[in-house]
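So the chains spell out like this:
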Amino acid sequence: MPTITVNGQSIEAQSGMSLLQACLEKGIFIPNLCYLKAMTEPPASCRLCFVEIEGQPDPVAACTITVADGLVVSTDTSAVRQLQRTALQLLLSVHDIDCKNCPANKQCALQDLAKFLKVPLKNKPTETYLREPAIDETHPHLTYYPNRCILCGKCIYVCQTRHGQSSLSFAKRGFDTVISFYGALEIDQQACDDCQQCAQVCPVGALVMKSG
Amino acid sequence: MTVANHQALKAVFQRIREQADQRKTADTDGAVPKITIGMATCGIAAGAIETKQTFEQALAERRVEAQIYTVGCIGHCYAEPVVIIDHPDSGFAPIFYHNVTAGKAKMLVRQFLIEGDPCFEHIYGAMETNEMIPSVTEFDRFNQEVRVVMEKCGHINPEEIDDYLVSGGYSGLAQALQMAPEDIVAAIQHAGLRGRGGAGFSTGRKWALAREAESLEKVVICNADEGDPGAYMDRTIIESNPHQVLEGMAICARAVGAHQGIIYVRAEYPLAVKIMTRAIAQAETMGILGRHIFETDFNFRIKLFQGSGAFVCGEETGMIRSIEGYRGMPQHRPPYPVVNGLKGQPTVINNVKTLACVPPIIEKGYSWFRSIGTEESPGTAIFSVVGDVVHAGLVEIPMGVTLRELIFDICGGIPNQKAFKAVQIGGPSGGCLPAAFLDTPIDFDSLTQAGAMMGSGGMVVMDEDTCVADVSRYFLDFTQNESCGKCTFCRIGTRHLLDILERITKGEGQDDDLQRLQDLSLDIKKGSLCGLGKTAPNPILTSIRYFKEDYDAHLKEGRCPGLVCRPLIAYYIDLDKCARGCDACVGCCPTNAVFTTSTRKKGIDQQLCVKCGECVVACPPEYDAVRKVSPPHLVPAIERPAQPENAEDA
Ligand SMILES: Cc1cc2nc3c(=O)[nH]c(=O)nc-3n(C[C@H](O)[C@H](O)[C@H](O)COP(=O)(O)O)c2cc1C
Ligand code: SF4
Ligand code: SF4
Ligand code: FES
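The rules behind the values
Every residue gets a number counted from 1 within its own chain, in the order that chain's sequence is written. As a convention, the first chain written is A and the first ligand written is 1, with the rest following in written order. The predicted nature of this model means local features are confined to residues of pLDDT at least 70 and side-chain atom pairs, given and counted, to a pLDDT of 80 or more, with totals for whole chains, interfaces and linings taken over all residues. Side-chain numbers come from the whole structure's heavy atoms, not from hydrogens or water. Secondary structure elements are defined from DSSP: runs of H or I of at least 4 residues count as helices, runs of E of at least 2 residues count as strands, and each element is numbered from the N terminus. Our radius of gyration looks at C-alpha atoms and nothing else; its globule reference is 2.2 Å times the residue count to the power 0.38. Summary of the burial criterion: residues with accessible area below 20% of their type's maximum are buried, those above 50% are exposed, and those between are partly exposed, where the area comes from a 1.4 Å probe applied to protein chains only. Working rule for contacts: check all heavy atoms of both residues, and any pair within 4.5 Å makes them a contact. It suffices for a single heavy atom of a residue to lie within 4 Å of a molecule or strand for the residue to be listed as near it. In the analysis that follows, any N or O atom pair within 3.5 Å is treated as a polar contact, provided that within protein one partner can donate a hydrogen and the other can accept it, and provided that, for residues neighboring in sequence, both atoms belong to side chains. Only the protein chains shown count as covering a residue, and every accessible area follows the Shrake-Rupley method with a 1.4 Å probe. Using a 1.4 Å probe, buried area is obtained as the accessible area two parts lose upon being combined, added over both of them. We define a salt bridge as a contact between a side-chain nitrogen of Lys or Arg and a carboxyl oxygen of Asp or Glu at a distance within 4 Å. As used throughout, domain bounds are those supplied by an automatic or database domain assignment. Side-chain classes follow a simple rule in which Ala, Val, Leu, Ile, Met, Phe, Trp, Tyr, Cys and Pro form the nonpolar group, Asp, Glu, Lys and Arg form the charged group, and the remainder, Gly included, forms the polar group.

Trainee: What exactly am I supposed to notice about the overall build of chain B here?
Mentor: Tallying secondary structure elements over chain B gives 25 helices and 18 strands in all. Against the globule reference of 26 Å for 650 residues, chain B gives a C-alpha radius of gyration of 28 Å, in line with a compact fold. Scored against the burial criterion, the 650 residues of chain B give a buried share of 59%. Here the analysis covers contacts within chain B between residues at least 6 apart in sequence; of these, 71% occur between residues at least 24 apart.

What follows is the structure, given as structure tokens:
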């Protein structure tokens, strides 16, 4: 078992495990939004799980590093926090901050991270970009809120893993990227009601079951 | 391969080559004049198709015997359509004519081909040194260029494999097949070849890694996505000499042990797609690609994949996803494609130019290649030089030539007596350098040190009438549109950068905007997942570093020094220059902002003016009375005489 040093503390990790997972399991919190333990090739897209590794000039995403014996890691340097705060502020700048009316209130990953990173939830109004339409009702059983979604892709991943083929996918590009449902009309209500995994995995309340 | 096999291979190659020779000789009639026309996209855009048709018609009408020979880009895009006429009976050396319109084509047939008068006033230069006409080799443009990749471009017909064979093509592949694969890798390593697609990574090392990777199947991909705005080197090379690229791919495949090749070309390059498809088919028919190449046991098939033109698909992991049929979204590296690429197979991805350097290296040896360019960046650099230069176009120069030599000697400097302001190298990922850097040698490391980058070879030269803040805005608009949307920094961060630049160029910037641009830029560089996001802020960072006074002028004085940003400029008419009674500018104004003053001169109503600049064009050059100023309040007050209906109101 590889032994690594994190913030001066020596920990043992399972070989083949990601650095992010190894730290989380030992109770060392590293902000993360797009990672699930089961992923073999994590998307590394949220850009929050930065850490510094001795010998590397810039912070790296911990979900992309496989633990190796002797790694010396710091999770809370100022360079790391700087990047994490910026990433979170960027996510908040496209987020419809209306916590009172959001089902994810008090269990929202963004709220947790804002607290952890000491980032105020409200950006100046000139710096917020919200998208139209604000609600997508095309799916028979799910409602999607683009202005809550952080595009972590977890919903796509769980649907894909569970059903072999995901009925959710990314659509459009760049700044306009959203989650979309192709062929969703053929989806059997019962199957979705029984599953609900995407809505459960969503860290921010962007996917909500219509029936629920 | 055994010695006997080497003999057999040589014999096979010899036979293919001789047959090509015979076909060519049967096809060409040495006695009749030969008219060579450049027909790459640059030529066609300038009217080469019409030129060619006119030549054909004129030859037929006047019953003149001559052969028309179409080639790719000769490398003088500023002079297109370009025609070279070799008329042996006239006693002149082959002559290079520029801007050959249909009219000129007719004239050349009549006067030169029939009457033997080469029309001296239309000659650009002779192709060979001679007593009568100055030769192009004496011009800076020609004598400073060194051609490795483009050596055959403009000399051979890209649609005929015979042309390539006759000019020595595919002998590098024949030679490589007689070498041990590790010796091919070693030769490329010794040559010091670095990737021409952007980052300048050692090609030899990449191949060595791919060779070492254990796998039954390996892939070679030629990256011809070429997404930088203003860059068109790769397209031109494919349109002018596709076989050199195919040959480079086959040598690479042999070296690393691959049997499949893919050329990733954007679908917006229809001519390149057509020419490349034809080239692959011809090579397969001749046994130069496909199964049992040159009757050996080496198999290598190349397929063409048409991308739909996303910039991010030029990034290697994005490209692999795109070929696999997914969204073109980059993935975290490592694993690098050489270890885990297309469908998990070890994959070498090289740029068109990198691959085109390979056959000459194998053929002429690595020391020959090293003798060109600099120690750390051997070989040549190819740039498409565009913008405010006299001779825009493709140039191939040895690495180490300075920016000044390239822009002022080879490309003829800045037109219209304007001053040089900046040069943007490396497109949207690159940087913007000021005059103080003109003596920087062009090589991978010097450009990176200066804050720009070699990129894939786009170079935009800008004169004093340029606003660098506006240029940054333009590039950010591009990258923001081309961001794939996967990762937070690039997807949202570039949008904020663009937003700030937009308000600066509108004169609505806020005090801390420069600081915010810089801070956010640095975070985006460090935080983004792929090269697109990591380099997107470069135009901003370099332009703030080198042209801070331009940004300050916008922010603090509401002034655009380049007189570009519309909200910050105004037009007025200089009454000392305006000619009494002249009405040239009146009709051109779309909003009727031009009025007649009490002295029968003209004035511009600032309320109505939309700053289109039409009046500048309309004002006759002998008066040249329309002035542009920034900030707008510098406009001298010129009363608009009360109009009849206003008079009634009053
Ligand atoms: C956003 C982005 C766009 C790119 N576009 C191209 C391109 O159009 N052509 C190219 O050859 N390389 C491009 N690259 C570089 C490739 O990822 C890769 O490094 C290159 O093809 C490797 O070939 P080389 O070693 O021969 O340079 C791009 C990289 C990024 C990050
Ligand atoms: S809907 Fe939820 S789970 Fe899906 S990408 Fe958006 S935030 Fe992630
Ligand atoms: S940096 Fe931009 S282009 Fe690259 S993965 Fe992130 S969003 Fe996509
Ligand atoms: S958790 Fe590593 S980038 Fe999202």
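Trainee: Before we go on, may I ask you to explain the site of ligand 1 in this structure?
Mentor: Residue and element names in this part refer to chain B. Taken together, 19 residues are adjacent to ligand 1, and Gly197, Asn223, Asn350, Asn351 and Thr354 come closest. A distance of 3.0 Å is found between an oxygen atom of ligand 1 and a side-chain nitrogen or oxygen belonging to lysine 206. The protein chains hide 89% of the 600 Å² of surface that ligand 1 would expose on its own. When residues of the shell around ligand 1 are traced back to their parent elements, those giving at least two are strand S9 (347–351) and helix H21 (531–535). Top element by residues in the shell around ligand 1 is S9. It accounts for 3 residues.

Trainee: How should the interface of chain A and chain B be read in this particular structure?
Mentor: Many analyses report the size of an interface as the accessible area lost when the parts associate. Taken together, the 29 residues of chain A in the interface contact 29 residues of chain B. Both faces considered, chain A and chain B share a buried interface measuring about 2,600 Å² in area, 55% of it formed by carbon and sulfur atoms. Across the contact surface, chain A and chain B share 3 salt bridges. When the shortest N-O distance is used, the salt bridge between arginine 173 of chain A and glutamate 482 of chain B registers 3.1 Å. The interface formed by chain A and chain B contains 17 residue pairs in polar contact (both at pLDDT 80 or more).

Trainee: Help me understand the domain arrangement of chain A, please; the structure alone is not making it clear to me.
Mentor: Residues and elements named next belong to chain A. With domains assigned, chain A is organised as domain 1 (1–129) and domain 2 (142–209). On the domain 2 side, the residues contacting the 21 residues of domain 1 number 14 residues. Of the roughly 1,300 Å² buried between domain 1 and domain 2, counting both surfaces, carbon and sulfur atoms make up 67%. Counting across the domain 1 and domain 2 interface gives 0 salt bridges. Where domain 1 packs against domain 2, one counts 6 residue pairs in polar contact (both at pLDDT 80 or more). Here the residues of the side of domain 1 that touches domain 2 sort into 16 nonpolar, 4 polar and 1 charged.

Trainee: Is there a simple way to explain the domain arrangement of chain B in this structure?
Mentor: Domain annotation of chain B identifies domain 1 (31–138), domain 2 (161–370), domain 3 (380–466), domain 4 (469–557) and domain 5 (569–634). The gap between the C-alpha centroids of domain 2 of chain B and domain 5 of chain B is 57 Å.

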